[in-house]
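Report on the structure
Here is what each chain is made of, one letter per residue.
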Amino acid sequence: LLTFSANAICIAGLANLFSGRKAWLVIYEAIDSIAELRNTPWSAYKLALLLAPITYRLADVISAVGDGVALSLSRVIRVPRPQIRVIHLPGFDPAIEHAALKAANHRWLSPEFSLVIAACRLSAQKDLPMLLHAFKRVVTANPQVRLIILGDGPQRHELELLRRTLGLDDLVDM
């Protein structure tokens with residue numbers, strides 16, 4: 001069984017334990033599942049925190065997309081970090097290489113501005129509301145600073161509203 005969901009991992013681990021039959025359980029954490037569970041009802045979050053240290057240890061292989069996810073996971077499931085294999089996702093796309101050869105054209109790419117760029121999925125794990133609030137403080141002290149947020153995701157609308165609420169429409173491009 002190969003699964004990516006913290007809830008499915010807990011269920012699969014328990015099923016494997018109580019079924020009397022041994023199935024291979026391979027865990028691949030592509031995101032910080034426990035952090036993602038914080039958006040679920042409190043009882044599900046608490047249950048996952050209780051079961052994860054038990055059920056994840058039942059896996060034959062525990063792997064993660066990167067060092068940060070592996071470190072977070074090792075703390076939650078109380079397994080030494082070296083026991084979690086890091087397998088980076090291949091991210092090569094020939095279109096990106098082609099686009100990188102083109103000259104960038106943006107109104108803020110000039111010597112008069114200092115530029116901050118964030119490139120990520122617009123999701124809760126990235127805590128972009130904190131970035132916008134921090135940027136508001138930075139731009140108050142340094143009016144020549146601009147922020148470009150590259151990416152898309154489920155929080156786009158919420159972030160656009162926050163940008164407007166903070167009065168950053170002319171200073172932050174998404």
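This write-up is about the structure you can find in this document. (Residues numbered from 1 in each chain as written. Predicted model: local features only at pLDDT ≥ 70, side-chain atom pairs only at ≥ 80, totals over all residues. Heavy atoms only, no water.)

1. Points about the layout of surface pockets
By volume, the largest pocket is sized at about 150 Å³. Around the largest pocket, the lining residues are I31, D32, V69, R121, S123, Q125 and K126. Taken together, the residues of the lining of the largest pocket break down into two nonpolar, two polar and three charged. (1 Å grid on protein atoms, 1.4 Å probe; cavity = no way out; pocket = protein on both sides within 12 Å on 5 of 7 lines; lining within 4 Å. Points joined across faces, edges and corners; volume = space filled by probe spheres on them. Nonpolar A, V, L, I, M, F, W, Y, C, P; charged D, E, K, R; others polar.)

2. Topic: the pairing of strand β6 (residues 145-150)
Counting buried residues along β6, five of its six residues qualify, which places the element largely inside the surrounding structure. As judged from the six bridges shared by strand β5 (residues 114-119) and β6, these two strands associate in the parallel manner. Within β6, the residue paired with V116 across the bridge is L147. Regarding the hand of the β-α-β motif, the stretch spanning β5, helix α6 (residues 128-141) and β6 is right-handed. Sheet topology note: the β6/strand β7 (residues 172-173) ladder contains two bridges and is parallel. The partner of L147 across the bridge, within β7, is V172. (Buried < 20%, exposed > 50% of the residue type's maximum accessible area, 1.4 Å probe, protein only. Helix = DSSP H or I, 4+ residues; strand = E, 2+ residues; numbered from the N terminus. Pairing = 2+ DSSP bridges. Right-handed = clockwise from strand over helix to strand, strands pointing away.)

3. Some details on the pattern of salt bridges
Counted according to the given criterion, the structure contains five salt bridges. Across the pair R81 and D67 runs a salt bridge, and its minimum N-O distance is 3.1 Å. Taken together, the residues span a long stretch of sequence, with R81 in the loop between α4 (67-77) and β4 (85-86) and D67 in helix α4 at a distance of 14 residues. Residue D67 is classed as partly exposed on the basis of its relative accessible area, which comes to 48%. (Salt bridge = Lys/Arg side-chain N within 4 Å of Asp/Glu carboxyl O.)

Note that all results are geometric; they support no functional claim without further evidence.
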